[in-house]
Amino acid sequence: SNTSWKPLMNPPTDVIISTRITREFPAEKDLEACVDSLVKHTKNVRVIFVDDNSDEIGKQCIDTQASRFRDSLLVRTHYQRWFTRAYNTGFMLTRTPYFVGLNCDTILDTGWLEELYSVKDDVEAKVGKVGLVGSVLSAEEPRRYALSVGQDYVTGHCILFSAQAMNEVANARGTPGIYLDETRPDAIHIRSDVFICWDMNKLGWQTVKSFKSNVGHTSAKCWGQRLWTIPCLLDVVNDHY
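Residues numbered from 1 in each chain as written. Predicted model: local features only at pLDDT ≥ 70, side-chain atom pairs only at ≥ 80, totals over all residues. Heavy atoms only, no water.

Draft legend 1. Focus on the environment of serine 18. When you line up the elements, serine 18 lands in strand β1 (residues 13–19). On the basis of relative accessible area, serine 18 is assigned to the buried category, the value being 0%. C-alpha separation for the pair serine 18 and threonine 84, spaced 66 residues apart in sequence, amounts to 9.8 Å. Of the polar contacts made by the side chain of serine 18, one reaches the backbone oxygen of valine 50; its length is 3.4 Å. (Helix = DSSP H or I, 4+ residues; strand = E, 2+ residues; numbered from the N terminus. Buried < 20%, exposed > 50% of the residue type's maximum accessible area, 1.4 Å probe, protein only. Polar contact = N/O pair within 3.5 Å; in protein donor to acceptor, adjacent residues only side chain to side chain.)

Draft legend 2. Structural context of the pattern of salt bridges. Going through the model one piece at a time under the given rule, you end up with 16 salt bridges. Note that aspartate 55 is salt-bridged to arginine 23, the shortest N-O span being 2.8 Å. With a gap of 32 residues between them, aspartate 55 in the loop between β2 (45–51) and α2 (56–66) and arginine 23 in the loop between β1 and α1 (28–41) connect regions that are remote in the sequence. Lysine 120 is the partner of aspartate 121 in a salt bridge, and the nearest nitrogen-oxygen pair spans 2.8 Å. The partly exposed category is assigned to aspartate 121, whose relative accessible area is 42%. A relative accessible area of 6% means that lysine 120 is categorised as buried. (Salt bridge = Lys/Arg side-chain N within 4 Å of Asp/Glu carboxyl O.)

Draft legend 3. Representation of the packing of helix α5 (residues 163–173) against helix α6 (residues 192–202) within the structure. As a packed pair, α5 and α6 sit with axes 10 Å apart at the nearest point and diverge in direction by 90°. By the angle class used here, α5 and α6 are roughly perpendicular. Between α5, through Ala165, Met166, Val169 and Arg173, and α6, the contact on the second element is made entirely by Ile196, Asp199 and Met200. Its residues placed into classes, the contact of α5 with α6 shows five nonpolar, no polar and two charged. (Axes fitted to C-alpha atoms, helices over the stretch in contact; angles between N-to-C directions. Parallel < 35°, antiparallel > 145°, perpendicular 65-115°, else oblique. Contact = heavy atoms within 4.5 Å. Nonpolar A, V, L, I, M, F, W, Y, C, P; charged D, E, K, R; others polar.)

Draft legend 4. Focus on unusual backbone geometry. Look at arginine 191: it is not a glycine, yet its phi comes out positive at around 80°. Here arginine 191 lies in the loop between α5 and α6.

Draft legend 5. Local environment of the side chain of serine 138. The residue serine 138 is located in the loop between β6 (130–135) and β7 (145–148) in this model. Its relative accessible area of 18% is what places serine 138 among the buried residues. A distance of 3.1 Å separates the side chain of serine 138 from the backbone nitrogen of glutamate 141, its partner in a polar contact. The residues contacting serine 138, other than those within four sequence positions of it, are Phe211 and Lys212.

Draft legend 6. Representation of a nonpolar patch on the surface in the model. On the surface, Val127, Leu147 and Val149 cluster together into a nonpolar patch covering about 240 Å² of accessible area. Note that valine 127 resides in the loop between α4 (112–126) and β6. In this structure valine 127 comes out as partly exposed when scored by relative accessible area, which is 48%. (Patch = residues over 30% accessible without salt bridge, like charges linked within 9 Å, V, L, I, M, F, W, Y side chains within 5 Å. Areas by Shrake-Rupley, 256 points an atom, 1.4 Å probe, with all protein chains shown as cover.)

Draft legend 7. Here's a closer look at the sheet that holds β7. The eight strands are arranged β3-β2-β1-β4-β8-β6-β9-β7 in an open sheet whose pairing can be described as mixed. In this open sheet, the two edge strands, each paired with only one partner strand, are β3 (73–76) and β7. Mean inter-strand twist for the sheet, computed between neighbouring axes without regard to direction, equals 20°. Pairing of β2 with β3 involves four bridges; the strand directions are parallel. When the sheet's bridge partners are listed, phenylalanine 49 is paired in β3 with leucine 74. Packing of helix α3 (residues 82–91) onto the sheet brings it into contact with β1, β2, β3, β4 (98–102) and β8 (158–162), and relative to β1 it is tilted by some 150°. Most of the contacts of α4 go to β6, to which it runs at about 140°, and overall it touches β1, β2, β4, β6, β7, β8 and β9 (206–210). (Pairing = 2+ DSSP bridges.)

Draft legend 8. Layout of the state of the cysteines. One pass over the full model with this rule turns up zero disulfides. Just so you know, cysteine 61 is unpaired, no disulfide at all, and the nearest cysteine sulfur is the one on cysteine 104, 8.4 Å from it. Overall, cysteine 61 belongs to the buried group, its relative accessible area being 11%. (Disulfide = S-S within 2.5 Å.)

Structural data, given as structure tokens:
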């Protein structure tokens, strides 16, 4: 592959940023840095913010960042819905053929989205239809991209999704319009990126890791990472079913 070539501009693309900002897990600086990089390095996007029941300071921060875009959307939950459902809330509002799920603790650089699209086009030309391309930035990795197959999966901090693939998965699961799997208690806050890859693969869609798409990840600074290790987490989540 010619890694030096990139298209001039990405197609119109919805970008969903969902987060929960509280005093226990403040992420104001992370969100501001993420949006700064998005504004600087991205064109032709509509941003959908999902505020997953942040505290008052968090709400004010999200308001400020959403106001930086002329046609952004901002949705708020009435109680904490956790990662999977919060992102599904944003995904349901998308209207472009491809859309991006973006964590608030990512930093974007020049050509990040163009590279994701370019990898998608390259894989489609050589292998077949692509359901998603996710950034797995690696300076040491010599390859431009790699297919995710078998028990492998694409990490979910920055993924370009095919709306058609997401709809096919949702319909096959029996939950039309609900893209990530909300039916599994073990996927409400983590692992929904694992299952969406596996579900797409079962339907014949390629899932792809992009190693050169210039998306830095500051590693779980949003969403309250310590909650992942609390044994009663699923009980807390299930209270809201």
